[in-house]
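Per-entry structural report
Residues per chain are reported as follows:
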Amino acid sequence: LVGGALGGAVAQSILTPWFAQRHERRDLRAGVIRGLSAVERTRWAPGGKEKFRKALTNLRTASLVAGVNRALVDQYILFACAGRDLSDRSFERNPDPEFGGGIDTELAGLIEDGAAAMMDFTWHPWLRRATRSMVLARLNRRKAAVTEKLKSEEFPIKWESVWVPS
């Protein structure tokens, strides 16, 4: 009788906080996804740069609190900022609210891949831990390919001069 009561108390003391923290972790992860969505909505011209900067700050903060891999977050933010920069330059050339501000499909795909990787790592952090370096390497290879492709285009990407708010 004493052993059963003691075993139940130990199980309760271990399992209750774990179940309570599960809900908190999901809320934190959902905040990252909301932040990612806000960045995606605001990274297109002619939207205000201040809204974009605020969305990036919120995403970075939510990611930090949720424990998302910082290298992955920084990589996605760089891609999103490059997309925003290219969209702004494209919109300056063609200020049509319907069709202006478009970006190269390869860069758009790179940004989408970065966002998808962030979502995947946010929802499944323990499962993806082993593949993190492979995913970052794949994104870097795509980044190099996009850079090479856009080198001869009207709006080449110069990653070192991409505006990334700190």
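Residues numbered from 1 in each chain as written. Predicted model: local features only at pLDDT ≥ 70, side-chain atom pairs only at ≥ 80, totals over all residues. Heavy atoms only, no water.

Let us now look at the side chain of serine 90. By the secondary structure assignment, serine 90 is in helix α3 (residues 70-93). In this structure serine 90 touches Gly101, Gly102 and Phe155, once residues within four positions along its chain are discounted. (Helix = DSSP H or I, 4+ residues; strand = E, 2+ residues; numbered from the N terminus. Contact = heavy atoms within 4.5 Å.)

On to unusual backbone geometry. Residue alanine 45 is joined to proline 46 through a cis peptide bond whose omega torsion reads 5 degrees. With respect to the secondary-structure elements, proline 46 resides in the loop between α1 (2-42) and α2 (49-66).

It is worth spelling out the nonpolar core at this point. Core analysis: the largest hydrophobic core is formed by 37 residues, its most contacted members being Val39, Leu59, Tyr76, Leu107, Met118 and Trp159. For this core, the elements supplying multiple residues, two or more each, are α1, α2, α3, α4 (105-123) and α6 (132-150). Not counting chain neighbours up to four residues away, the residues in contact with tyrosine 76 comprise Leu36, Val39, Glu40, Leu59, Ile111, Gly114, Ala115 and Met118. (Core = buried A, V, L, I, M, F, W, Y, C linked by side-chain atoms within 4.5 Å. Buried < 20%, exposed > 50% of the residue type's maximum accessible area, 1.4 Å probe, protein only.)

The end-to-end C-alpha distance of α4 is 27 Å, a good match for the 27 Å that 19 residues give at a rise of 1.5 Å each. Within α4, burial applies to Leu107, Ala108, Gly109, Leu110, Ile111, Gly114, Ala115, Ala117, Met118, Phe121 and Thr122. The N-terminus of α4 is capped by aspartate 104, whose side-chain oxygen sits 2.8 Å from the backbone nitrogen of glutamate 106. (Expected span 1.5 Å × (residues − 1). Polar contact = N/O pair within 3.5 Å; in protein donor to acceptor, adjacent residues only side chain to side chain.)

Helix length check: α6, at 19 residues, gives a terminal C-alpha distance of 27 Å against a target of 27 Å (1.5 Å per residue), a fit within 8%. Of all the residues in α6, the buried ones are Val135, Leu136, Leu139, Lys143, Val146 and Leu150. End-on, the buried residues of α6 take up no more than an arc of 95 degrees, which puts them together on one face. Exposed side of α6, more than 90 degrees from the buried face: Ser133, Met134 and Arg141 are the residues found there. (Arc of directions from axis to C-beta.)

This brings us to the packing of aromatic side chains. Under the counting rule described, the total for this entry stands at two aromatic pairs. Here phenylalanine 52 and tryptophan 163 contribute two aromatic rings whose centre-to-centre distance is 6.4 Å and whose plane-to-plane angle is 40 degrees, an arrangement assigned as tilted. On the criterion of sequence distance, the pair formed by phenylalanine 52 in helix α2 and tryptophan 163 in the segment after α6 is long-range, its members being 111 residues apart. For phenylalanine 52, a relative accessible area of 0% corresponds to the buried category. When its relative accessible area of 35% is taken as the criterion, tryptophan 163 is described as partly exposed. Arranged with centres 5.9 Å apart and planes meeting at 65 degrees, the rings of phenylalanine 79 and tryptophan 159 form a pair that is edge-to-face. Here phenylalanine 79, found in helix α3, pairs with tryptophan 159, found in the segment after α6; they are 80 residues apart in sequence, far enough to count as distant. The exposure class assigned to phenylalanine 79 is buried, which follows from its relative accessible area of 0%. Given a relative accessible area of 12%, tryptophan 159 falls into the buried group. The positively charged end of lysine 143 is found above the aromatic ring belonging to tryptophan 159, 5.0 Å away from the centroid. (Phe/Tyr/Trp six-rings, centres within 6.5 Å; stacked < 30°, edge-to-face > 60°. Lys NZ or Arg CZ within 6 Å of the ring centre and 35° of its normal.)

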